[in-house]
Amino acid sequence: MRLLAFRHVPFEGIGLIREALAGVEIDYADLYLDGVPHPDPTAYDALIFLGGPMSVNDDLAFLHEELAIIRQAAARRQPVLGICLGAQLIAKAMGAAVRRNPVSEIGWFPIHFTQAAGEDLLLGGHDAPTEVFQWHGDTFDLPEGATHLAWSEACRNQAFRLNGLYGFQFHPEVTPEMLADWCVQDANCADVRELAAPIDAHRNAEEMRAFSHFLFGTWLVLVQNRGFM
C-alpha cells in the first residue's frame, strides 16, 4: 500500500495520519518547491491533499497542477482525501466555487454530522467529536452530486463525499506539537494576532487522536478494498 500526500508548506504535514497508518508507505509531493521531482500519482493507491495558508484561488502554478491531478484521479476512480485547503482543492477541481467564509474559524469548534454521514461507509458508526480544530478563512460549495457529511455553526460545509473523493474542512490530522508550531509560523502571524485568546494546543487531544485513528484507519480499509467506488 502506497499513499502520496501533497504538502503546501513544510510545517503542514500528515501528523496523526502517520500514527494511524503505521506501516503504510506515505511519500510527500512538494510541488510548491522549485526543482523538486514530481511523483507519478498513478503509482500510488490513493492521494492525500493537505492544508496550507494560501487560497485555492491564488494564481499559483502548483495549485493549477494539483487541480488537474485531482480531476485525473477522479476520472480513473483513484481515492482522494483532502484536508482544509485540500478539501477546497477537491471542491474546486470538481466544479464548485471556493470563496471567503463569513468569518474565519481558528481554534477548537464543535462540528455536527449530517444524517447522511450516519450511512456513510467512512463516517457511519462513529459519533462526531465534540470539538475539532479549525484554521481557515475560506469555504467551498458542494460539487454537483456530492453528499454533505458535516457542518458547524460558522461554516456549513465541513465534510463531503463524491464517489471516492472525501473532503474535510477541519483538521483531523493535527497533533499538539503541530498546533504549537503553527502558532509561531510567520505565514500564520496575522491570523494569530486576531485571536481573542491563545490556542490551547493540547485541548481535546485524546478525543481527536481516537477520532483520527478511526477516520484514517477506516479510510485505509476502504482504499484497500475499493469499498467506496
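In what follows, the structure referred to is the one given above.
Figured I'd write up the structure that's included with this text. It should be emphasised that the depicted structure is a prediction, and the values quoted were computed from it without experimental measurement.

Topic: the sheet that holds strand E3 (residues 46-49)
Here is step 1 of the chain: With mixed pairing, the eight strands of this open sheet are ordered in space as E2-E1-E3-E4-E10-E9-E8-E6. The open sheet terminates on both sides in strands that have one partner only, identified here as strand E2 (25-29) and strand E6 (112-113).
Here is step 2 of the chain: In this structure, strand E1 (residues 2-6) lies alongside E2, joined through five bridges in parallel fashion. Among the inter-strand pairings, Leu 3 is bridged to a residue of E2, identified as Ile 26.
Here is step 3 of the chain: This element, helix H2 (residues 61-75), spans E1, E3, strand E4 (80-83) and strand E10 (165-168) of the sheet and lies at about 145° to E3.
Here is step 4 of the chain: Running at roughly 145° to E3, helix H6 (residues 205-225) makes contact with E1, E3, E4, E6 and E10 of the sheet.

Concerning unusual backbone geometry
Here is step 1 of the chain: With phi around 55°, Asn 163 is a residue other than glycine that occupies positive phi space.
Here is step 2 of the chain: Backbone geometry at Asn 204 places phi at a positive 65°, although glycine is not the residue there.
Here is step 3 of the chain: Within the secondary structure layout, Asn 204 lies in the loop between helix H5 (189-193) and H6.

Brief notes about H2
Note that an α-helix has 3.6 residues per turn; residues three or four places apart therefore point the same way.
Here is step 1 of the chain: When the terminal C-alpha atoms of H2 are compared, their 21 Å separation across 15 residues agrees well with the 21 Å that a helix rising 1.5 Å per residue should span.
Here is step 2 of the chain: The set of residues buried in H2 consists of Phe 62, Leu 63, Glu 66, Leu 67, Ile 69, Ile 70 and Ala 73. Along the axis of H2, the buried residues cluster in a sector spanning 160°; they form a single face. Exposed side of H2, more than 90 degrees from the buried face: Ala 61 and Ala 75 are the residues found there.
Here is step 3 of the chain: Its buried side turned inward, H2 meets E1, E3, E4 and helix H3 (85-93).
Here is step 4 of the chain: Just downstream of H2 lies Arg 77, where phi reads positive at about 65°.

Rules and cut-offs
- Residues numbered from 1 in each chain as written.
- Predicted model: local features only at pLDDT ≥ 70, side-chain atom pairs only at ≥ 80, totals over all residues.
- Heavy atoms only, no water.
- Pairing = 2+ DSSP bridges.
- Helix = DSSP H or I, 4+ residues; strand = E, 2+ residues; numbered from the N terminus.
- Contact = heavy atoms within 4.5 Å.
- Axes fitted to C-alpha atoms, helices over the stretch in contact; angles between N-to-C directions.
- Expected span 1.5 Å × (residues − 1).
- Buried < 20%, exposed > 50% of the residue type's maximum accessible area, 1.4 Å probe, protein only.
- Arc of directions from axis to C-beta.

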